[in-house]
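Residue-level listing of the chains:
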Amino acid sequence: MNIVSEKIKSCYASLPQSEKLVADYVLENKDALFKHPIKELARLSGTTQAAWTRFAQAIGYNGLKDLKNAYYSEANTTLAQSDKGGPRVTFKDVNEYTSLQSIADNICATSVQAVQTTYRLFDAGTFSEAVSHIVEAEQIQVFGVGTAGVAAYDLYCKLLRIHYNAVFNQDHHMNLMTVSQIKSGDVAIFFCDNAKNTEIMQLFSIAKERGAVTIAVTKLGNNALTTGCDHVLFATSPEIDKKSGITSSRFAQLFLVDTLYTAIANRDYENIQGYLKNSYDVFHETARE
């Protein structure tokens, strides 16, 4: 699956009905984008030219021309890489695998694709602004539940290593207590696979009301979290089987965590280099004992 299709599928549920019709048409008739002008595409899809423009903007492009360019670029990339081999994603239920090798191949393929598609969504400008706020923050509160909590906890541990004033709790009541004390000058980071998660949205609303800088690490889509947060870092991934509990989104989020932590350490190196050395020395000496 290419990145344009991934964007469409990730945003689909939040699109208005007219734009869903455009999305359906695009997913089923990619080649038609290059054969017809926007007026004809509107007629063929049973929508309007305005709906096509809004659709392109909703999934992150300036307009139909920009969307066409993205599809064209990806088509060329796919052709160039088609002979390289390697495991490919196969969508099947967890009970449909016929060998351990096929399981390993599919898990590898989805994990690699999660990182690659997330990397291709990387926005250096947004990332730089998020890093600046974190470096300058008096306190960083990190939130995440379920699978997203794994990535949230990983970032929390990394921030502690460089002596940042970071807070993370797995208990929702503790999260409510800490977010009730958040203030302007603090940063709240939300890891979330689903913006409909009531716990995360409750914490986000409180942090927003109290004037904290808000950062989301979440899937593509127009929702209260992505439109309300000050900065959004998008993580996307393919799903093999929703019932299996296998979540490649974890790899996408951890990729962003490592990138974020490395950027913070790089930006603030003069202040944190001693903490990096101290933690390394402690663990190194412990290992030798």
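Preceding this section is the structure that the text describes.
Visitor: Let's hear about the packing of helix H2 (residues 17-28) against helix H4 (residues 49-58): which residues, and what values?
Guide: Axis angle and axis distance: for two packed helices, these are the angle between their axes and the distance between the axes, and together they describe the pair. For the pair H2 and H4, the least separation of the axes is 9 Å and the interaxial angle reads 75°. One way to sum up the angle between H2 and H4 is to call them roughly perpendicular. Of the residues in H4, those touching H2 at Ser18, Glu19, Val22, Ala23, Tyr25 and Val26 are Ala51, Trp52, Arg54, Phe55 and Ala58. Broken down by class, the residue content of the contact of H2 with H4 amounts to eight nonpolar, one polar and two charged.

Visitor: Outline the pattern of salt bridges, listing residues and values.
Guide: Applying the stated criterion to the full structure yields eight salt bridges. Note that Asp154 and Lys158 form a salt bridge whose closest N and O atoms lie 3.0 Å from each other. You can see Asp154 and its partner Lys158 sitting in helix H8 (residues 147-161), four residues apart, about one turn around the helix. A salt bridge links Lys183 to Asp186, with the nearest nitrogen and oxygen atoms 3.6 Å apart. A relative accessible area of 39% means that Lys183 is categorised as partly exposed. Salt bridges sharing common partners tie together Glu138, Lys183 and Asp186.

Visitor: Describe the packing of helix H1 (residues 3-11) against H2, and please don't skip the residues or the numbers.
Guide: Contact geometry of H1 with H2 gives a least axis separation of 11 Å together with a crossing angle of 150°. For the element pair H1 / H2, the angle class is roughly antiparallel. In this structure, the crossing between H1 and H2 has a hand that is left-handed. Counted together, Ser5, Ile8 and Lys9 of H1 and Ala23, Val26 and Leu27 of H2 form the full contact between these two elements. Of the residues belonging to the contact of H1 with H2, the class tally is four nonpolar, one polar and one charged.

Visitor: Explain the side chain of Asn169 to me, and be specific about the residues and the numbers.
Guide: Along the chain, Asn169 turns up in the loop between strand S2 (166-168) and helix H9 (172-179). Every residue in contact with Asn169, bar those within four places of it in the chain, is listed here: Met174, Asn175 and Thr178.

Visitor: Explain the nonpolar core residue by residue, including any values.
Guide: Within the largest apolar cluster, 35 residues are counted, with the highest numbers of intra-cluster contacts made by Ile134, Ile140, Ile189 and Phe191. Sorting elements by how many residues they give to this core places helix H12 (residues 249-267) first, with seven residues. Discounting residues that sit within four places of it in the chain, Phe191 has contacts with Val142, Phe143, Gly144, Val145, Ala148, Ala151, Ala152, Leu155, Ile200, Val217 and Val257. In this structure, Ile8, Val26, Leu67 and Ala70 belong to the second largest nonpolar core, which totals 26 residues.

Visitor: Requested: an account of unusual backbone geometry, with residues and values cited.
Guide: In this structure, His163 is a non-glycine residue whose phi angle is positive, near 70°. Tracing the chain through its elements places His163 in the loop between H8 and S2.

Scoring rules and cut-offs
- Residues numbered from 1 in each chain as written.
- Predicted model: local features only at pLDDT ≥ 70, side-chain atom pairs only at ≥ 80, totals over all residues.
- Heavy atoms only, no water.
- Axes fitted to C-alpha atoms, helices over the stretch in contact; angles between N-to-C directions.
- Helix = DSSP H or I, 4+ residues; strand = E, 2+ residues; numbered from the N terminus.
- Parallel < 35°, antiparallel > 145°, perpendicular 65-115°, else oblique.
- Contact = heavy atoms within 4.5 Å.
- Nonpolar A, V, L, I, M, F, W, Y, C, P; charged D, E, K, R; others polar.
- Salt bridge = Lys/Arg side-chain N within 4 Å of Asp/Glu carboxyl O.
- Buried < 20%, exposed > 50% of the residue type's maximum accessible area, 1.4 Å probe, protein only.
- Left-handed = near helix turned anticlockwise from the far one by under 90°.
- Core = buried A, V, L, I, M, F, W, Y, C linked by side-chain atoms within 4.5 Å.

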